[in-house]
Amino acid sequence: MPAFKLWDDEYLSNKYGHLQIQAEYGKKENRSNHALDLTMKRFLQVYKRKNIYMVNDMDREMMDEFFVPKPLLCGGFANLFDMCVMWFSSGGTKSVLHNDDIDNINCLMDGTKELVMIDKKHQKLVEQTGWKVSKSYSVVDVEKVDLIRFPQFKNVPWFKATMERGDCLFIPKEWYHHVQSYGNRNLAINIWFSHLDHFNKTDCTEKGTLPDYEPMSKFKIGTVEEYFAAGWRSFIIDPLVGVDLVTRDVFMTKMLDAHGAGRENVLKEIFTSLDKDQDRVLTWDELNSFDIEKIGSILEAEVEMPPEEHAHEEL
């Protein structure tokens, strides 16, 4: 992809130096670091001698040169992109142990990364003590675990992944991970996307032979409003996971079981909005591509449930 071949500091400065970006002070994450606003050009001038790193939504101007990996090009994933973020430092950055409530593919343009990853099925052990619920991270230092304060961690199975330049790594929804970056130049791009509950095989068949990559600019990236409204998607989708044929009766039963009685009218309105072809059956293609702002406006008017908060932290 062009980004992998072209994005050295000189190229980025010459072509994108005018773009405004955000960086953070301190390379070891503590979730209270202050943000710094500056241009791309200025960041490139100072990042190798300052204790800062870039955490910034990729500007659409850059998306022609960053390509979406082939595994995301069919099946419904492309309808669910939430954010595309650049992580850029001179190495030595370390994240806290944390998890995210949506899926993530991290692609490394330069440098090396090491990740400690823990399956979400070990939630009770990981979150038993030291877990900050409001921000979805642990105060446990993964590099030197204090087994006196956190004895449960001796029973936590974990994986270690090493990424080199050119690698992309899938980090599943709700898996715990700690990330450490190496090299005097470390640049990664990650795509966050809502969890796909039903893979659309027909979509892949209809698209035929897929290219290895497609430019990010061809796809819709969720707005800030859609990003924070992802809780509405969970409200609809989670009760239906595992159901192949979602008739109106099944929809009503599952939703009322999950969210309680007294909401029949608003749920009927939602079903009608989701059922694009009005055949009284919801396909997973319809469920994975509904207008989240429209559904959110219906729910906000009738249901007292705030959207989920996302706390994404990667290095």
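On a predicted model such as this, the values are computed, not experimentally measured, just so you know. Note on numbering: residues in each chain are counted from 1, in written sequence order. Reporting of local features is limited, given that this is a predicted model, to residues whose pLDDT is at least 70; pairs of side-chain atoms are given and counted only at 80 or more, and all residues count toward the totals for whole chains, interfaces and linings. With hydrogens and water excluded, all non-hydrogen atoms of the structure serve as input to the side-chain values.

J.: I'm lost on the nonpolar core in this one. Help?
T.: Buried together is how nonpolar side chains tend to be arranged in soluble globular proteins. In this structure, Trp7, Phe43, Phe66, Phe81 and Met216 are the most contacted members of the largest nonpolar core, which totals 45 residues. Secondary-structure elements contributing two or more residues to this core are helix 2 (9–16), strand 1 (20–25), helix 3 (40–46), strand 3 (52–57), strand 4 (67–69), strand 5 (81–89), strand 7 (103–118) and strand 12 (176–193). The definition of a nonpolar core used throughout is a set of buried Ala, Val, Leu, Ile, Met, Phe, Trp, Tyr and Cys residues joined through side-chain atoms within 4.5 Å. Exposure classes here rest on a 1.4 Å probe applied to the protein chains alone. A residue is buried below 20% of its type maximum, exposed above 50%, and partly exposed in between. Counting residues in each nonpolar core, the second largest holds 23 residues, with Leu240, Leu282, Phe290 and Ile295 among its members. For helices the rule is a DSSP run of H or I covering at least 4 residues; for strands it is a run of E covering at least 2, with both sets numbered from the N terminus onward.

J.: What is the right way to read the packing of helix 8 (residues 248–259) against helix 9 (residues 264–274) from this model?
T.: Axis angle and axis distance: for two packed helices, these are the angle between their axes and the distance between the axes, and together they describe the pair. A fitted line through C-alpha atoms serves as each axis, taken over the contacting stretch for helices, and the angle formed by two N-to-C directions is quoted from 0 to 180°. It is the contact of helix 8 with helix 9, at a shortest axis distance of 10 Å, that shows an interaxial angle of 135 degrees. Taken together, the axes of helix 8 and helix 9 lie oblique to each other. Here helix 8 and helix 9 pass one another in a crossing that is right-handed. Every residue of helix 9 that contacts helix 8 at Arg248, Phe251, Met252, Met255 and Leu256 is listed here: Glu264, Leu267, Lys268, Ile270, Phe271 and Leu274. Gly is placed with the polar residues, together with every amino acid not listed as nonpolar (Ala, Val, Leu, Ile, Met, Phe, Trp, Tyr, Cys and Pro) or charged (Asp, Glu, Lys and Arg). Residues belonging to the contact of helix 8 with helix 9 are distributed by class as follows: 8 nonpolar, no polar and 3 charged. An angle below 35 degrees is read as roughly parallel, one above 145 as roughly antiparallel, one from 65 to 115 as roughly perpendicular, and any other as oblique. Here a crossing is taken to be left-handed if its near helix is turned anticlockwise relative to the far helix by less than a right angle, and right-handed if that turn runs clockwise. In what follows, residue pairs with any heavy atoms lying within 4.5 Å of each other are defined as contacts.

J.: Help me understand the environment of Ser181, please; the structure alone is not making it clear to me.
T.: As for its placement among the helices and strands, Ser181 is situated in strand 12. Through-space distance from the C-alpha of Ser181 to that of Lys27 is 9.6 Å; in sequence the pair is 154 residues apart. The term polar contact refers here to a pair of N or O atoms within 3.5 Å; inside protein, the definition further demands a hydrogen-donor-capable atom paired with an acceptor-capable atom, and it admits residues adjacent in sequence only when both atoms are side-chain atoms. Among the polar contacts made by the side chain of Ser181, one reaches the side chain of Lys113 at a distance of 2.7 Å.

J.: What should I look at first to understand unusual backbone geometry in this one?
T.: Glycine aside, residues mostly have negative phi, and peptide bonds are mostly found in the trans state. Backbone geometry at Glu174 places phi at a positive 70 degrees, although glycine is not the residue there. Position of Glu174 among the secondary structure elements: in the loop between strand 11 (168–171) and strand 12. You will see that Gln278, though not glycine, has its phi angle at about 55 degrees, which is positive. Tracing the backbone through its elements, the reader meets Gln278 in the loop between helix 9 and strand 15 (281–282). Classification of Gln278 as partly exposed rests on a relative accessible area of 49%.

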